[in-house]
Amino acid sequence: MAAVAVSVAGLLTLSACGGGDKQESGGGQAAQKKVEVFSWWTGPGEADGLKAMREIFAKQNPNFEFFDAAVAGGSGDQARALLSSKLQANQPPDTFQGHAGAELQGYIKSGKLESLNFLYDELKLKEVFPQQLIDQISVQGQVYSVPVNIHRSNVLWFNPSVLKKAGIDGAPKTIEEFITDLEKVKKSGKIPLSIGSQWTLVHLLESVLLGSLGTDAYNALWTANADWSNANVTKALENFKTILSYAGSPQDDWQPAAKQVADGEAAFNIMGDWAYGYFHNPPEGGLGKESHKDFDWAASPGTDGTFMWLSDSFTLPKGAPNRDGAIAWLKVAASKEGQDAFNPLKGSIPARKDADQSLYKDYLSWDLEQWASDKLAGSIQHGVVANDQWRQAITDAVGLFQQDKDVAKFQQALVAAAKNSGQ
Ligand code: GAL
């Protein structure tokens, strides 16, 4: 039932954006030249980066019309459900956004994507993307997407004035310090931790697991024979329960939750670095806030030295109605010019190793440094370590836990999710 409701909502949003009308709009020469680009970058902060890349595409491709098939909803929680029904019905968009890692591997294994080796050869892309990223989007020597960025998931955003008023001196470094600080904020009368819709809790969970277990134990959770039933996982889930008890009322999505921090209503929010684009971009797209004053950041508690990463990439689905147009889009997404226009506004760093580093300032220069020096861990919510089925089972378990707060039941559900993931 829920899945059906999501798909219908997604379909409505899509037709509101003008998507799906290729056939209806006359089917003539002009309609043929539309390039349907499917993403979920519609909201404040998200849309700015896409717009910058779209402008380059328009300049370079007068014969093609960019067609924005974005479906609203952070982290693609609506878009991914709709996409999967479109792919099942063999009605793909010309190109779609997919996360590098287990999520993309799912599309590859179900035979939905064309190999992009021809494009990698033509543009010499193997030389410009990090090998560990290429590995995440390849199967048996075939590469299946073009990564446009690297995002960091484990960021603690905070409001310096709210912390100061609560008597907190700087960002908490451990989970224990974090819990102490949440209590101090509560006493000061502000919201200790802002949260958004349900997916933002899975996002929070991945940072709490990493911060509680440490990097090696977290990474081991995604390997064969992983042990989700041990006492360290129990302790991590208890931490999650305690931290959640300090959350404000759930906001509609990540932007209103992040805004509570920027507006000084809440002290902390754990969110990916797309929040930086939203905080920092000029009004219209963003909030036009000043870093270190209106908002500040640190590694999420207990995770300093580890970069929990994810990467947005674009694909060439088999049977793309406008294959040439899709390839033209992939060329822009792969290019230095495209990535350097997109990422400073998106709040991410480029996937290309040869990007112009001087364009990445403030939070983004910190991000680049951390990416170069940190250990790596993969995001759950954003498609790196768990395939869609596993992620969905974790999401369901988090939803139930939000209601009943039963750690033992939650852990059992996570053990089952790992066992039945088919990964
Ligand atoms: C992620 C995506 C990011 C950003 C975020 C919030 O899944 O990779 O680019 O859009 O969701 O919507």
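We now turn to the structure provided with this report. (Residues numbered from 1 in each chain as written. Predicted model: local features only at pLDDT ≥ 70, side-chain atom pairs only at ≥ 80, totals over all residues. Heavy atoms only, no water.)

Our next topic: the overall build of the protein. For the protein, the helix and strand inventory stands at 19 helices and 15 strands. Computed over the C-alpha atoms, the radius of gyration of the protein is 21 Å, within 12% of the 22 Å expected from 2.2 N^0.38 for a compact globule of 423 residues. In terms of its C-alpha atoms, the protein occupies a principal-axis envelope of roughly 65 × 45 × 40 Å. When each of the 423 residues of the protein is scored for burial, the buried share is 57%. Here the analysis covers contacts within the protein between residues at least 6 apart in sequence; of these, 78% occur between residues at least 24 apart. For the protein, the exposed surface amounts to about 16,900 Å²; the carbon and sulfur share of it is 51%. For the protein, the distance from the average position of its 38 positive side-chain charges to the average position of its 49 negative side-chain charges is 1 Å. (Helix = DSSP H or I, 4+ residues; strand = E, 2+ residues; numbered from the N terminus. Rg over C-alpha atoms; globule rule 2.2 N^0.38 Å. Buried < 20%, exposed > 50% of the residue type's maximum accessible area, 1.4 Å probe, protein only. Contact = heavy atoms within 4.5 Å. Areas by Shrake-Rupley, 256 points an atom, 1.4 Å probe, with all protein chains shown as cover. Lys, Arg positive; Asp, Glu negative; His and termini not counted. Charge placed at Lys NZ, Arg CZ, Asp CG, Glu CD.)

Quick look at the site of the ligand now. If you check the shell around the ligand, you find 13 residues, and the closest are Glu46, Ser75, Asp312, Lys346 and His382. One of the side-chain nitrogen or oxygen atoms of tryptophan 41 is found 3.0 Å away from an oxygen atom of the ligand. Within the contact set of the ligand, an oxygen atom lies 2.7 Å away from a side-chain nitrogen or oxygen of histidine 382. Relative to its unbound accessible area of 300 Å², the ligand is 100% covered by the protein chains. Residue composition of the shell around the ligand, grouped by class: five nonpolar, five polar and three charged. (Near = heavy atom within 4 Å. Polar contact = N/O pair within 3.5 Å; in protein donor to acceptor, adjacent residues only side chain to side chain. Nonpolar A, V, L, I, M, F, W, Y, C, P; charged D, E, K, R; others polar.)

A word on the pattern of salt bridges. A side chain with one charge may pair with a side chain of the opposite charge, provided their charged atoms come close. Going through the model one piece at a time under the given rule, you end up with 14 salt bridges. Across the pair arginine 323 and glutamate 114 runs a salt bridge whose closest N-O atoms are separated by 2.9 Å. One end of the pair, arginine 323, is in helix H15 (residues 323-334); the other, glutamate 114, is in the loop between helix H5 (102-109) and helix H6 (117-123), with 209 residues separating them in the sequence. Exposure remark for arginine 323: the relative accessible area of 34% places this residue in the partly exposed category. Among the ionic pairs, arginine 391 bridges to aspartate 388, the shortest N-O distance being 3.2 Å. (Salt bridge = Lys/Arg side-chain N within 4 Å of Asp/Glu carboxyl O.)

Here the focus is the environment of tryptophan 309. Tracing the sequence through the fold places tryptophan 309 in strand E12 (residues 306-310). For tryptophan 309, a relative accessible area of 6% puts it in the buried group. Each C-alpha atom of the pair tryptophan 309 and histidine 382 lies 8.8 Å from the other, and the pair is 73 residues apart in sequence. Excluding residues that lie within four positions of it along the chain, tryptophan 309 makes contacts with Ala100, Leu133, Gln136, Ile150, His151, Trp371, Leu376, Ala377, Gly378, Ser379 and Val384.

Moving on to the pairing of E12. Two faces belong to every sheet, and in a regular strand the side chains alternate between them. Burial analysis of E12 places five of its five residues in the buried class, the great majority of the element. By the alternation rule, side chains of E12 split into Thr306, Met308 and Leu310 and Phe307 and Trp309, which are all buried. Here two bridges tie strand E7 (residues 149-152) to E12, and the two strands are oriented antiparallel to one another. In the strand pairing of E12, arginine 152 is matched with tryptophan 309. As paired strands, E12 and strand E15 (residues 375-378) are joined by four bridges and run parallel to one another. In the strand pairing of E15, methionine 308 is matched with alanine 377. (Pairing = 2+ DSSP bridges.)

Our next topic: the packing of aromatic side chains. Tallied over the full model, the rule gives 30 aromatic pairs. Judged by centre distance (5.0 Å) and plane angle (75 degrees), the ring pair of phenylalanine 96 and tyrosine 107 falls under edge-to-face. You can see phenylalanine 96 sitting in strand E3 (residues 95-99) and its partner tyrosine 107 sitting in helix H5, a full eleven residues away along the chain. Overall, the relative accessible area of 8% leaves tyrosine 107 in the buried class. (Phe/Tyr/Trp six-rings, centres within 6.5 Å; stacked < 30°, edge-to-face > 60°.)

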